[in-house]
Amino acid sequence: MRLNTSETKQHRCRRLEGKVAIITGASRGIGATAARLFAREGATVVLAARSKEDIVSIVAEIKADGGEAMAVRTNVAEATSLETLVRKAIETYGRLDIAFNNAGIGIAKPLISITEEEFDHVQAINLRGVFLSMKYEIPAMLAGGGGAIVNTSSVGGLVGGVGNGAYIASKHGVIGLTKVAALEYAQKHIRINAIAPGPTLTSMMERWLVADPQVEHYLTGAIPMGRMAEPEEVAQAALWLCSDEASYVTGVTLPVDGGLVVP
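Each value, and the rule that gives it
- Residues numbered from 1 in each chain as written.
- Predicted model: local features only at pLDDT ≥ 70, side-chain atom pairs only at ≥ 80, totals over all residues.
- Heavy atoms only, no water.
- Helix = DSSP H or I, 4+ residues; strand = E, 2+ residues; numbered from the N terminus.
- Rg over C-alpha atoms; globule rule 2.2 N^0.38 Å.
- Buried < 20%, exposed > 50% of the residue type's maximum accessible area, 1.4 Å probe, protein only.
- Areas by Shrake-Rupley, 256 points an atom, 1.4 Å probe, with all protein chains shown as cover.
- Lys, Arg positive; Asp, Glu negative; His and termini not counted.
- Charge placed at Lys NZ, Arg CZ, Asp CG, Glu CD.
- Pairing = 2+ DSSP bridges.
- Right-handed = clockwise from strand over helix to strand, strands pointing away.
- Axes fitted to C-alpha atoms, helices over the stretch in contact; angles between N-to-C directions.
- Contact = heavy atoms within 4.5 Å.
- pLDDT = per-residue confidence, 0-100.
- Polar contact = N/O pair within 3.5 Å; in protein donor to acceptor, adjacent residues only side chain to side chain.
- Parallel < 35°, antiparallel > 145°, perpendicular 65-115°, else oblique.
- Left-handed = near helix turned anticlockwise from the far one by under 90°.
- Nonpolar A, V, L, I, M, F, W, Y, C, P; charged D, E, K, R; others polar.
- Expected span 1.5 Å × (residues − 1).
- Arc of directions from axis to C-beta.
- Phe/Tyr/Trp six-rings, centres within 6.5 Å; stacked < 30°, edge-to-face > 60°.

**Side note on the overall build of the chain**
Next up, step 1: Across its full length, the chain carries 9 helices and 7 strands.
Next up, step 2: Its C-alpha radius of gyration of 17 Å places the chain within 12% of the 18 Å reference for a compact globule of 263 residues.
Next up, step 3: Counting only C-alpha atoms and orienting by the principal axes, one finds that the chain spans roughly 50 × 45 × 35 Å.
Next up, step 4: Each of the 263 residues in the chain was classed as buried or not, and the buried ones make up 51%.
Next up, step 5: Of the accessible surface of the chain, which amounts to about 12,600 Å², a share of 55% is contributed by carbon and sulfur atoms.
Next up, step 6: Here the chain holds 25 positive side-chain charges and 27 negative ones, and the gap between their average locations is 3 Å.

If you want it as structure tokens, here you go:
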């Protein structure tokens, strides 16, 4: 059964009212969906992505719906880019309460076929990007008295897999960083968690399904709930972890996978 987003909009309270949130990887898929969702929940949203054109259109959509948002072109692999992102958020809105560190890329190749450059590029975006994001987000949150961070890992960060070594290594690393940061800042009023999405119907996944229709049968056959996630279902999990409803939750990795990694 698909999520009825129209019903959830009608019944949802504004759980992020008055909060300022950064979302990386916000140009499409889970990140873009989260930007719209967080804004509907009352957050002021700072959208970050390598392509500013894509996020500018989402900002316009959020503002047309009565929300407040800003687009900042960001390369999460570069420290200066993330420092600028956080600085612009603070200069514009005065504080930072929430960060959803969602930017990521994937590559599917057998381990010995991955070039050093490909391996390093995946780690730079998926793992270094999360490290650098938190490096600049956490001081801003400390200055404001606390906050909440959610990092996007993957079911690939919880289990092994064939033909996806660089991606899986990076996503395992995200979970490790999340645990360390959660412990270091637990008494500083900053909660830090991760989500581990399973197969999700993003535009990237849909292109894959068109190219190889057998993929959907294989994936849905492996998922106990018998279907892939909608992007909003994953974004809702991130929203909950960012909200005060999860005020006593830190250091966890929440699978959002239809039961895929249930032991």
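**What to know about the pairing of strand β5 (residues 147–152)**
Next up, step 1: Counting buried residues along β5, 6 of its 6 residues qualify, which places the element largely inside the surrounding structure.
Next up, step 2: Because side chains alternate across β5, one face comprises the buried residues G147, I149 and N151, and the other comprises A148, V150 and T152, equally buried.
Next up, step 3: As judged from the 4 bridges shared by strand β4 (residues 98–101) and β5, these two strands associate in the parallel manner. Looking at β5, one finds that F100 is bridged to V150.
Next up, step 4: In this region the chain leaves β4, passes through helix α5 (residues 116–144) and returns to the parallel neighbour β5; the handedness of that crossover is right-handed.
Next up, step 5: Inspection of the sheet shows β5 paired to strand β6 (residues 190–197) by 6 bridges, in the parallel sense. Residue pairing for β6: A148 is matched across the bridge by R191.

**Quick notes on the pairing of β4**
One face of the sheet, then the other: side chains in a regular strand alternate in exactly this way.
Next up, step 1: Residues I98 and F100 point to one face of β4 and A99 and N101 to the other, with burial holding for every one of them.
Next up, step 2: Direction of pairing for strand β1 (residues 20–24) relative to β4: parallel, over a ladder of 3 bridges. Bridged to I22 within β4 is A99.

**Some points on the sheet that holds β6**
Next up, step 1: The sheet built from 7 strands is open, its strands ordered β3-β2-β1-β4-β5-β6-β7 with parallel pairing. Two strands in the sheet have a free side with no partner beyond their single neighbour: β3 (69–73) and β7 (253–256). Strand-to-strand twist in this sheet, taken as the mean axis angle between neighbours without regard to direction, amounts to 20°.
Next up, step 2: Across the sheet, helix α2 (residues 29–40) lies against β1, β2 (44–49), β4 and β6, angled at about 170° from β1, the strand it touches most.

**Things to note about the confidence of the model for the chain**
Next up, step 1: On average, residues of the chain carry a pLDDT of 93, and 95% of them reach 70 or more.
Next up, step 2: Within the model, the stretch residues 5–11 combines pLDDT values under 50 with 4 contacts to residues more than four positions away or in other chains.

**Observations regarding the side chain of S154**
Next up, step 1: Relative to the helices and strands, S154 resides in the loop between β5 and α6 (165–184).
Next up, step 2: Engagement of the side chain of S154 in a polar contact is seen with the side chain of Y167, the distance being 3.3 Å.
Next up, step 3: If we skip the residues at most four places from it in the chain, S154 touches Y167, K171, I195, A196 and P197.

**Description of the packing of α2 against helix α3 (residues 52–64)**
Next up, step 1: Two numbers describe how α2 lies on α3: the axes approach to 10 Å, and their chain directions differ by 20°. By the angle between their directions, the pair α2 and α3 is classed as roughly parallel. Remark: the crossing between α2 and α3 carries right-handed chirality. Contact residues: A32, A35, R36 and A39 in α2; I58, E61 and I62 in α3.
Next up, step 2: For the contact of α2 with α3, the class distribution of residues is 5 nonpolar, no polar and 2 charged.

**What to know about helix α4 (residues 79–93)**
Residue pairs spaced three or four apart in an α-helix point in one direction, given the helix's 3.6 residues per turn.
Next up, step 1: With 15 residues, α4 should reach 21 Å at 1.5 Å per residue; the first-to-last C-alpha distance of 21 Å fits that figure.
Next up, step 2: For α4, the complete set of buried residues consists of S81, L82, L85, V86 and A89. One face of α4 carries all of its buried residues, which in axial projection span an arc of 135°. For α4, exposure combined with an orientation more than 90 degrees from the buried face picks out T80 and E91.

**Points about the environment of Y93**
Next up, step 1: Mapped onto the elements of the fold, Y93 is located in helix α4.
Next up, step 2: The spacing of Y93 and M70 is 23 residues in sequence and 10.0 Å in space, taken between C-alpha atoms.
Next up, step 3: Once residues lying within four places of it in the same chain are set aside, the contact partners of Y93 are V20, T44, V46, E68, A69 and M70.

**Re the packing of aromatic side chains**
Next up, step 1: Across all of its chains, the model carries 1 aromatic pair by this definition.
Next up, step 2: The interplanar angle of 25° and the centroid separation of 6.3 Å between the aromatic rings of F38 and F100 together place this pair among those described as stacked. With F38 in helix α2 and F100 in strand β4, this residue pair connects regions lying 62 residues apart in the sequence. Judged on exposure class, the residue F38 and its partner F100 are both buried.

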